[in-house]
Amino acid sequence: MNKLPYERPFIQKLNLGVMNKFGSKTELEPCTHIDGVPVKKLIEEYGSPCFVISEQKIRNNYKNAVRAFKTRYPKIQFAWSYKTNYLDAVCNIFHQEGSWAEVVSIFEYQKAIHNGVPGDKIIFNGPDKSKEDLAIAISNNSLIHIDHFDELYDLVELVQGRSLKVRVAIRVNMDTGVRPIWDRFGFNYENGQAWNAVTKIMSHPELDLVGLHAHIGTYMLVSSAYAVAANKLCDLMQQVQNRWNQDIQYLDFGGGFASTNTLKGAYLQASDVIPSIDEYAEAITATVLNFGFKQDKLPTIFLETGRALIDDAAYLLGTVVATKRLSDERRATVMDFGVNILFTSFWYDHQISPAQHFSRHSENMTLYGPLCMNIDVVRENVMLPLLNKGDQVVVHKVGAYNMTQWMQFIQMRPKVILIDMNGRHHVIREHESLETMLRYEHVPAHLKTISL
Ligand SMILES: *Cc1c(COP(=O)(O)O)cnc(C)c1O
């Protein structure tokens, strides 16, 4: 008989329904179904890992956001922030609901056109628009949100002397009381740069200043910051009216509303501390309504809400590859998905649920991804029941920025599935394969053969 290898003994506290730091019990529930579809079935059919998006949840989130603003203010227009998730199927859900497109590069711009968004319903933001890009936006009558003076001068060169009326806005940055101040995009309000940009635009009859834009930051934890921003944009709008008798048609408040994901290091769960969409809506609409514009001069309020509309509509399904003990006895679980496809694990403590029923014993553990890289940590420290090889898990609230910022590194990117309003599922993005990768590579003739 072979001698068994020696493993030094250790004592590990198992938590059996003990109280957490708030004196309440942490209830772990398995997540066995998404919109009525068994997780097991989805993994069987589409492989592990895979992303799953709920059409129902997206539509509900959107309708709720529109309700919050429309019940408070008469003129509202949302524009879907492409960079948050630009899968065509996802964009088209928002477009079907009435959302325009908000893009920050010519690639995103072309995607919006490809999706059938009319050119005049595309908002073109971002710091990098070439002259060629601007010319395309002009010919489509899109809304061009100017980011800096160099862009303004390019625009002037393109339009000068032509019988055009190009609709433009400026992006304004400002101190809203929140630190750090986002001042790398747009023109600063406090130091007069924004006013300077306005006067330059007004001196060119080919440019029609129709809007003012501010995207004050992302995952904003205080709704009052939007009230400060609204007040400053209203003030600028009023000054333009006073000086040139020019009516600004819209104020665009960008994105930045927090989603219910918990930031790393946060003491309280996000759902307990972040403002509701109604609080953000109240901060913005009350400020604009109370500013003193005549009723028929009220600007349309544009919103480019990204993460708050989609984060909780998507899940990442995955499988346990292995379990092990680290040298300090902590339990480690290796998953088949890592930071390469879950970029937001750098910011968030994503909630993770087992996808099957489990014993009540739970333990603090580290969740690693499958990459052969030390940075590949999905959760540093998470209380989960003991998972075994082959067990499946569901990562919650992964809809924003993962399916755009993911990278092909060591592993291929997986399939993305959409569950529609009737519980049917569709592949909306294929998984990558060796073939996908080889399609982009060229090997010079002298390197085509090797012999070892
Ligand atoms: C990223 C971005 C958004 C969306 O931001 P969220 O924080 O996801 O709501 C909106 N507008 C602009 C200009 C952006 O850059």
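Each value, and the rule that gives it
- Residues numbered from 1 in each chain as written.
- Predicted model: local features only at pLDDT ≥ 70, side-chain atom pairs only at ≥ 80, totals over all residues.
- Heavy atoms only, no water.
- Helix = DSSP H or I, 4+ residues; strand = E, 2+ residues; numbered from the N terminus.
- Buried < 20%, exposed > 50% of the residue type's maximum accessible area, 1.4 Å probe, protein only.
- Contact = heavy atoms within 4.5 Å.
- Salt bridge = Lys/Arg side-chain N within 4 Å of Asp/Glu carboxyl O.
- Disulfide = S-S within 2.5 Å.
- Domains from an automatic or database assignment.
- Buried area = accessible area lost by both parts, 1.4 Å probe.
- Polar contact = N/O pair within 3.5 Å; in protein donor to acceptor, adjacent residues only side chain to side chain.
- Nonpolar A, V, L, I, M, F, W, Y, C, P; charged D, E, K, R; others polar.
- Axes fitted to C-alpha atoms, helices over the stretch in contact; angles between N-to-C directions.
- Left-handed = near helix turned anticlockwise from the far one by under 90°.
- Expected span 1.5 Å × (residues − 1).
- Patch = residues over 30% accessible without salt bridge, like charges linked within 9 Å, V, L, I, M, F, W, Y side chains within 5 Å.
- Areas by Shrake-Rupley, 256 points an atom, 1.4 Å probe, with all protein chains shown as cover.

Another aspect to go through is the environment of Leu-236. You can see Leu-236 is positioned in helix 8 (residues 224–244). Judged by relative accessible area, which is 2%, Leu-236 ranks as buried. Apart from the residues within four sequence positions on either side, Leu-236 is in contact with Val-172, Tyr-189, Ala-194, Trp-195 and Leu-212.

Throughout the structure, instances matching the rule amount to 21 salt bridges. Across the pair Lys-63 and Glu-97 runs a salt bridge whose closest N-O atoms are separated by 3.0 Å. On the criterion of sequence distance, the pair formed by Lys-63 in helix 2 (residues 55–70) and Glu-97 in the loop between helix 3 (88–96) and strand 5 (100–103) is long-range, its members being 34 residues apart. Notably, a salt bridge pairs Asp-349 with Arg-379, separated by 3.6 Å at the nearest N-O pair. Of this pair, Asp-349 sits in the loop between strand 14 (331–335) and strand 15 (352–354) while Arg-379 sits in strand 17 (residues 377–385), placing them 30 residues apart in sequence. In this structure Asp-349 comes out as partly exposed when scored by relative accessible area, which is 26%.

Looking now at the state of the cysteines. By definition, a disulfide links the sulfur atoms of two cysteines through a covalent bond. Counting across every chain of the model gives zero disulfides. Cys-50 takes part in no disulfide bond, and the closest cysteine sulfur to it belongs to Cys-31, at a distance of 12 Å.

A few words now on the domain arrangement of the chain. Taken as a whole, the chain is organised into domain 1 (33–53 + 313–438) and domain 2 (125–305). The distance between the C-alpha centroids of domain 1 and domain 2 comes to 37 Å. With nine residues of domain 1 in contact, the opposing surface of domain 2 contributes eight residues. Each partner contributes to the roughly 720 Å² buried at the junction of domain 1 and domain 2, and carbon and sulfur atoms together form 41% of this total. Of all residues in domain 1, the largest losses of buried area upon contact with domain 2 belong to Tyr-348, Asp-349 and Lys-397, amounting jointly to 68% of the total for that side. Linking domain 1 with domain 2 are zero salt bridges, by the criterion used here. Linking domain 1 with domain 2 are six residue pairs in polar contact (both at pLDDT 80 or more), by the criterion used here. Looking at side-chain class alone, the side of domain 1 that touches domain 2 contains three nonpolar, three polar and three charged residues.

Time to look at the packing of helix 7 (residues 193–202) against helix 8. When two helices pack together, their arrangement is captured by the angle between the axes and the distance separating the axes. Between helix 7 and helix 8, whose axes approach to 12 Å, the crossing angle comes to 40°. Remark: the crossing between helix 7 and helix 8 carries right-handed chirality. Here helix 7 contributes Ala-194, Trp-195, Val-198, Thr-199 and Met-202 to the contact with helix 8, which in turn contributes Leu-236, Gln-239, Val-240, Arg-243 and Trp-244.

Helix length check: helix 10 (residues 277–290) (14 residues) gives 20 Å between terminal C-alpha atoms against 20 Å at 1.5 Å per residue, within 8%. Among the residues of helix 10, Ile-277, Tyr-280, Ala-281, Ala-283, Ile-284, Thr-285, Thr-287 and Val-288 are the ones counted as buried. Those residues of helix 10 that are buried lie in contact with helix 2, helix 8, strand 11 (250–252) and strand 12 (300–303). In the stretch just after helix 10, Gly-292 is the one whose phi turns positive, near 115°.

Where nonpolar side chains cluster on the molecular surface, the patch consists of Phe-346, Trp-347, Met-373, Ile-375 and Ile-410 and spans about 450 Å² of accessible area. Residue placement: Trp-347 occurs in the loop between strand 14 and strand 15. Residue classification places Trp-347 among the partly exposed positions, given a relative accessible area of 31%.

Residue Pro-49 is bonded to the preceding Ser-48 through a cis peptide linkage, with omega at 0°. Checked against the element boundaries, Pro-49 lands in the loop between helix 1 (39–46) and strand 3 (50–54). Residue Pro-180 is bonded to the preceding Arg-179 through a cis peptide linkage, with omega at -10°. Position of Pro-180 among the secondary structure elements: in the loop between strand 8 (166–173) and strand 9 (187–188). Positive phi values are uncommon outside glycine, yet Asp-35 reaches one of about 45°. Within the element layout of this structure, Asp-35 appears in the loop between strand 1 (33–34) and strand 2 (37–38). Positive phi values are uncommon outside glycine, yet Asn-141 reaches one of about 60°.

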